[in-house]
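This is what each chain is made of:
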Amino acid sequence: MNKDILEKARKDYIHSGGSLGGGRWEDISARLPSQSFSYRMIVGRVIVISIIPILFLSGLVGVSQASKPGEFLYPVKVASQKFANKISNKLEFNIQKKSQKVLSGQDKVIEKNQEETGETENKKSESPKKDNTEVLENKPTITQISQPNSSSSENNSNSNGRGQGLENAAEQKNKIKPEPERGKSEENKGRGKN
Amino acid sequence: MDDLETWIKRAQKGDKNAFENIYKFFFKRIYRYCNYNLKRKDVAEDIAQETFIKCWKSLPSFSLKKGGSFQAFIFKIARNLIIDESRKKKTIKLEEYLEENNDKNLEDDLDRKSEELKIRSAINKLDETDKQIIILRYFEDLSFSEVEEVVSIKSGALRVRTHRILKKIKEELNSNE
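Residues numbered from 1 in each chain as written. Chains lettered and ligands numbered in written order. Predicted model: local features only at pLDDT ≥ 70, side-chain atom pairs only at ≥ 80, totals over all residues. Heavy atoms only, no water.

Another point: the confidence of the model for chain A. When pLDDT is averaged across chain A, the result is 71; 57% of the residues are at 70 or more. Confidence scores differ between elements of chain A, with helix α8 (residues 150-159) of chain A showing the lowest mean pLDDT of 46 and helix α3 (residues 37-64) of chain A the highest of 87. (pLDDT = per-residue confidence, 0-100. Helix = DSSP H or I, 4+ residues; strand = E, 2+ residues; numbered from the N terminus.)

Put into structure tokens, the structure is as follows:
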């Protein structure tokens, strides 16, 4: 049944074509453009072939920017940054490099300082008494204060006696007193007057 | 078909004489296909010519090595142009237009068997893609793989769909009786 129907429909279809013989080739041949297909095809293929890996790489680099050390894409991130640094001599990259150097240098200095402080602390723990004595030795005593002109004072004591020696000692004490205190005392004096 | 292959290869290199042979070989079929779908001889002829010009332009992208069928290639171009043409004239409903023309044909072809006309009207009532499947598979004798290429439906689905279309036509004819 189906075959009969289709055969009849086919005959109808072929009949619908009418009596058009061959068409007009002359009309079409005049409208046909020259085929410069080889160049177009080659250029098109080259563009497509080059665009696909570029898109893939840029996507990979973009995704890798969010990666952290130890992750799968971190080497890609580092490589892309190095590549960008090489291509573009931007200040930012140079500054980053320099700052990294400075920071690493500072770390070394800090380490050295820590080592030195460790050594000094050890020394201190070994000889605390000596230090105290040194400090005490460095501190000026009343005798030393009175001694700088010991030779002259001795001479004076020899010439003027004990009274002049006491006066010299008092003068020396006044000299040792800090200046701001003097100022304060003067201010206090002024206030008192007012 | 060896001749067709050599013509295609020569035409791909820009040989217009080879393309003339292709044109003479396929023009009738393409014109018939366009005329059956568009139902206007002048428009069908224009579309058929346009099909060959487009075919010439896109011939370099066609590859026989990839198992491409030239029949499918040229019928696909024709089908796309028919769709474009029917879209241009969307203001006139396509079905109404076809029915009008069918009536005219009915008047013209009174001497034809009434059964053939019934079949034709049943085919015209089909969905556009279904109609193309029937025309290409049973009227133009394209293989399923070639129809698949033209209509862009997978072969498995295409076989099932073809079976359903034939069933639908049969039901339509029975209901008319």
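Next comes the rest of the write-up.
A word on the interface of chain B and chain A. Between chain B and chain A, the contact holds 41 residues from the first and 28 residues from the second. Counting across the interface, chain B meets chain A through three salt bridges. Taking the shortest distance from any N to any O, the salt bridge between A:Arg31 and B:Glu50 comes out at 3.1 Å. Joining chain B to chain A, the criterion identifies 10 residue pairs in polar contact (both at pLDDT 80 or more). Listing elements by their share of the side of chain B that touches chain A, those giving two or more residues are α1 (2-12), α2 (16-38), α3 (41-58), α6 (114-124), α7 (128-139) and α9 (155-176) of chain B. Along the lines of polarity and charge, the residues of the side of chain B that touches chain A split into 20 nonpolar, five polar and 16 charged. (Contact = heavy atoms within 4.5 Å. Salt bridge = Lys/Arg side-chain N within 4 Å of Asp/Glu carboxyl O. Polar contact = N/O pair within 3.5 Å; in protein donor to acceptor, adjacent residues only side chain to side chain. Nonpolar A, V, L, I, M, F, W, Y, C, P; charged D, E, K, R; others polar.)

Residues and elements named next belong to chain B. The predicted model of chain B has a mean per-residue pLDDT of 82, with 82% of residues at 70 or higher. Confidence, expressed as mean pLDDT per element, reaches its minimum in chain B at helix α5 (residues 94-108) with 53 and its maximum at helix α4 (residues 70-88) with 91. If you check the scores for this complex, the pTM reads 0.54 and the ipTM reads 0.74.

All names here are of chain B. In the Ramachandran plot, Lys-39 falls in the positive-phi region, its phi being about 65° despite a non-glycine side chain. Note on placement: Lys-39 falls in the loop between α2 and α3. Here Lys-39 falls in the buried class, since its relative accessible area comes to 10%. With a phi close to 60°, Ser-152 is a non-glycine residue in the positive phi region. In this fold, Ser-152 is placed in the loop between α8 (144-151) and α9. In this structure Ser-152 comes out as exposed when scored by relative accessible area, which is 53%. (Buried < 20%, exposed > 50% of the residue type's maximum accessible area, 1.4 Å probe, protein only.)

Turning our eyes to something else, we now look at the nonpolar core. Residue and element names in this part refer to chain B. Residues Phe-19, Ile-22, Ile-30, Phe-52, Phe-70 and Ile-169 are the most contacted members of the largest nonpolar core, which totals 62 residues. Examining the composition of this core, we find that 12 residues originate from one element, α2, more than from any other. In terms of domain composition, this core takes at least three residues from each of domain 1 (1-102) and domain 2 (104-177). Not counting residues within four places of it along the chain, the set of residues in contact with Ile-22 comprises Leu-4, Trp-7, Ile-8, Ala-11, Phe-52 and Phe-70. (Core = buried A, V, L, I, M, F, W, Y, C linked by side-chain atoms within 4.5 Å. Domains from an automatic or database assignment.)

Moving on, we get to the environment of B:Ala78. Residue and element names in this part refer to chain B. Here Ala-78 lies in helix α4. Between the alpha carbons of Ala-78 and Val-150 there is a distance of 9.6 Å; along the sequence they are 72 residues apart. Those residues in contact with Ala-78 that sit more than four places away from it in its chain are Ile-30, Tyr-33 and Thr-51.

We now examine the packing of α3(B) against α4(B). Residue and element names in this part refer to chain B. In contact at an axis separation of 9 Å, α3 and α4 are set at 130° when each is read in the N-to-C sense. The angle between the axes of α3 and α4 places the two elements in the oblique class. Here the hand of the crossing between α3 and α4 comes out right-handed. Contacts between α3 and α4 involve Val-43, Ile-47, Glu-50, Thr-51, Phe-52, Lys-54, Cys-55 and Ser-58 from the former and Phe-70, Phe-73, Ile-74, Ile-77, Ala-78, Leu-81, Ile-82 and Glu-85 from the latter. Looking at the contact of α3 with α4 residue by residue, the class counts come to 11 nonpolar, two polar and three charged. (Axes fitted to C-alpha atoms, helices over the stretch in contact; angles between N-to-C directions. Parallel < 35°, antiparallel > 145°, perpendicular 65-115°, else oblique. Left-handed = near helix turned anticlockwise from the far one by under 90°.)

Attention now goes to α8(B). All names here are of chain B. Turning to α8, its buried residues number three or more, namely Phe-144, Glu-146, Val-147, Val-150 and Val-151. Down the axis, α8 shows its buried residues gathered within 155° of arc, on one side only. Looking one or two residues beyond α8, the residue adopting positive phi is Ser-152, at roughly 60°. (Arc of directions from axis to C-beta.)

With that out of the way, let us pick up the side chain of B:Arg79. Residue and element names in this part refer to chain B. With respect to the helices and strands, Arg-79 occurs in helix α4. Take Arg-79: its relative accessible area is 9%, and that puts it in the buried class. The contacts of Arg-79, once residues within four sequence positions are left out, are Tyr-33, Glu-128, Thr-129, Gln-132, Val-150 and Val-151.

Taken together, the side chains of A:Asp107, A:Glu111, A:Glu115, A:Glu116 and A:Glu119 present a region of like negative charge at the surface. Note on placement: A:Glu111 falls in helix α5 (residues 91-126). (Patch = residues over 30% accessible without salt bridge, like charges linked within 9 Å, V, L, I, M, F, W, Y side chains within 5 Å. Areas by Shrake-Rupley, 256 points an atom, 1.4 Å probe, with all protein chains shown as cover. Lys, Arg positive; Asp, Glu negative; His and termini not counted. Charge placed at Lys NZ, Arg CZ, Asp CG, Glu CD.)

All names here are of chain A. On the surface, Lys-82, Lys-86, Lys-97, Lys-98 and Lys-101 cluster together into a patch of positive charge. For the positive patch, the secondary-structure elements that each account for two or more residues are α4 (74-87) and α5. Looking at the positive patch element by element, the count peaks at three residues for α5. Residue placement: Lys-97 occurs in helix α5.

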